[in-house]
Structure formats: structure tokens, C-alpha cells
Amino acid sequence: MKRLLCIIVLLTSFFVLVACQQDKETTSDNNSSDPLSPLEQTEKVIIAEDGSASGAGFYIAKEKGYFEKYNIEVEFATFGNSDEMLPAVASGEVDVAGGISSASFFNSIAQGIDVRFIADKGHNNDGESYFSFVVRQDLASEITDYSDVKGKTIAVSTQNGIDDYIFNEMLKHAGVERDEVEFTLMSDFSNMIPAMANGQIDLALQIEPLITQGENQGVHQRFHDTTDFAPEAQIAMVLGSPVFLNERRDVAIRFMAAYLEALRDYHDAFVNETGDKDEIISIMAKHTALKDEELWEEVGVTGLNPNGTLYEDDIQRQYEFYQANGAIQGELDLDNIIDMSLVEEVLDLIGEYE
């Protein structure tokens, strides 16, 4: 009888151990299949970023450890221009980059540079555009309505670029033809303030923090808001290498999760004013050219969608604008270039921001 009891105890212990081991293996399998579990080995992701304010999602995710928690190490690389950067992204030498809309940008893609638009990296916040028109201070009482721009000299930093597109949208809204104003190409935004101070130009399409600095100097004041006539202008996009998106998908998913988490912190701080604004400003001052933390309280900041999605219809309109100007060589199917699959996959995992 004793022997039988011993056998039963031994068998029971054996089955318990087997069950525990199976449960442990199942848990381990689940962890390894979790698309947001930390990577087994540290993976490096190279980001082409030049310290622009629209790179906030990258800086915040790095400083707050969001990349690190997925075992991702990021390295920032700088390039002189998009002609150097785009081939590096296409080849996989660079994993992620920022792109600003222009005809030359689209032409590079049309000529075989294979990159994807994968997330938002810059648009205007309603009523607080960081990329907006300003009017010379001594003309502010004369130029009050959009139609008043007729016959005025207006400085714009690019032709057949996002600036030109926004300029054109403003004229359409004003009911003014392009040949009824004097378009002045001024590639350096910083030159617009002295040009306005000495009376060379009447209005300018300016960018922060120069908008706020010019106001503080009494040189110009804001002229309405860009969202009046271009509420969904997609100014910059996150670009992804096809190598990164396809061959390193497990890394790309975790990278995008960290990026969206950072965008939500940014949105909470600057738009909803529910987050730790001081912390986010400190990070922005560390990584961008605007080091004055007090000025960060005044400027209109870059809009960044906390769900990462792009204004796809506006990208199409920009492309058609450049095409109508004869600035595009070849045809592009934007459905093959705009790839929201990574963002959509991550939103299914972390939920949409509301």
C-alpha cells in the first residue's frame, strides 16, 4: 500500500512538473511572438535628422527611453541635402529620414529612388501655424484682408516646393492671380526679417521661431493663419527605407511604437496642455537650434499627429500643383509611395489617441 502511495505521489509530481514546464514554454512563446516585446538583441536604427523642430518625435523617444525599452539604439546622421539623403534611405544605409515636399523630391522618386512616406512629421496646428505669412509692421493697418495682398511684394523661400504651394493656396483664397503680386524668391528665412525692416518686401511666408522673433522686434506681425486656406497642408513626412520596412519589420514596428508614444507626449504638452511641457521643451531645446526655453512658450509649434497619419489627399494636391507647373518629370503612383501599413499595425496594438 505504501509503495502504491509513493508511486501515485511520484506520478502526480511528474505531471505537475510537466504542466508547469508546458506553461512556461507557452508563456515564453507568447513573449517571443509579442510584436512589442523588447528585441532579443540591440538593433541600431539610423535616422537622418538635422535638428529641425519637426523631428520632435525622434528626440523625445530617445530622451525618454522609448527606443531603449524595445532594445533599439538610434543614431542621428546629417546630410547636406536631399540629393545625398534619399539614395542613402533607398539603399537602407539610412533607415528613417524626414522629407519636405518639393518637385525635386518627387522627381528623385520618379527617377527610381525607392522610399516610402510612413508617418506625419509636420503640419500646422489650427490657429497657431508654425509656417505662416507675416506682414510688415508699418503696413499692418493697410493689409488686413487676404485680398489686400494684391500688388504687394511677397517673399517665399522656394519655387515649386511646399512654400510655393502654400503661397498659391493663399492667393486662390484671396482671389488674387499670381501675376497680380510680386513673387520674391528668398531662400534664407533669416534674411526676410532685415528685408522687411528696410522695406524691400511687404509680406513673407515665414517660419518659427523667426515669426515670433520678428514680432518681438516690431518688424512684422502675423497675417491671419495658414489653416484658413490650407488646413491640411502636409509639410513634412517621415520617410522609411524599403529595407527597414520589409527586411527589418520587427524592428520597424517597435520603432514606430516608440515614435507614436513620443508624439503623444508632444501633443499633450503643446496642444492639450495636459503633459509635462517643461520636460518636452527641455528636450526640444537640447536637440534643435532654438535653445531659449522661454521662447518655446511663445512660438507656434510644429503640428504632429499623435496617431502618425498623413494628409494623403494634400500630398496628392501638392504633386498635381508641381505637375501643372511643369516641374515634374515622369509619373508617380502615390498609392505605392504612401505606406501607412506600419502606423496602422502599431495603432492596432497600442490603440488610437483620442
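Note that the structure is a prediction, hence the values are computed from the model and not measured.

## Concerning the pattern of salt bridges
Moving on, step 1. Taken as a whole, this structure holds 19 salt bridges when the rule is applied.
Moving on, step 2. In this structure, the salt-bridge partner of Arg116 is Asp114, at a minimum N-O distance of 2.3 Å.
Moving on, step 3. For Arg116, a relative accessible area of 21% gives the class partly exposed.
Moving on, step 4. Its salt-bridge partner being Glu142, residue Lys152 comes within 2.8 Å of it at the nearest N-O pair. Taken as a pair, Lys152 in the loop between strand 5 (131-136) and strand 6 (153-156) and Glu142 in the loop between strand 5 and strand 6 lie far apart in primary sequence, 10 residues in all.
Moving on, step 5. Note on Lys152: relative accessible area 16%, which makes it buried.
Moving on, step 6. According to the relative accessible area criterion, Glu142 is partly exposed, its value standing at 44%.
Moving on, step 7. Residues joined in a network through salt bridges with shared partners are Glu43, Asp95 and Arg248.

## A closer look at the layout of surface pockets
Moving on, step 1. What the largest pocket holds in volume is close to 1300 Å³.
Moving on, step 2. Elements with a minimum of two residues in the lining of the largest pocket: helix 3 (82-91), strand 3 (96-100), helix 4 (103-110) and helix 5 (162-174).
Moving on, step 3. Top element by residues in the lining of the largest pocket is strand 3. It accounts for three residues.
Moving on, step 4. For the lining of the largest pocket, a count of residues per class yields 21 nonpolar, 19 polar and five charged.
Moving on, step 5. Taken as a whole, the second largest pocket encloses approximately 210 Å³ of empty space.
Moving on, step 6. Of all the elements in the fold, those that place two or more residues in the lining of the second largest pocket are helix 7 (210-216) and helix 9 (249-272).
Moving on, step 7. Among the residues making up the lining of the second largest pocket, the classes are represented as five nonpolar, four polar and eight charged.

## Details of the pairing of strand 2 (residues 72-77)
Remember that side chains alternate between the two faces of the sheet whenever the strand is regular.
Moving on, step 1. Bridging between strand 1 (residues 43-48) and strand 2 involves six bridges; their strand directions are parallel. Within strand 2, the residue paired with Val45 across the bridge is Val74.
Moving on, step 2. Regarding topology, helix 2 (residues 56-63) serves as the crossover connection from strand 1 to the parallel strand 2, and that connection is right-handed.

Reading guide: rules and limits
- Residues numbered from 1 in each chain as written.
- Predicted model: local features only at pLDDT ≥ 70, side-chain atom pairs only at ≥ 80, totals over all residues.
- Heavy atoms only, no water.
- Salt bridge = Lys/Arg side-chain N within 4 Å of Asp/Glu carboxyl O.
- Buried < 20%, exposed > 50% of the residue type's maximum accessible area, 1.4 Å probe, protein only.
- Helix = DSSP H or I, 4+ residues; strand = E, 2+ residues; numbered from the N terminus.
- 1 Å grid on protein atoms, 1.4 Å probe; cavity = no way out; pocket = protein on both sides within 12 Å on 5 of 7 lines; lining within 4 Å.
- Points joined across faces, edges and corners; volume = space filled by probe spheres on them.
- Nonpolar A, V, L, I, M, F, W, Y, C, P; charged D, E, K, R; others polar.
- Pairing = 2+ DSSP bridges.
- Right-handed = clockwise from strand over helix to strand, strands pointing away.

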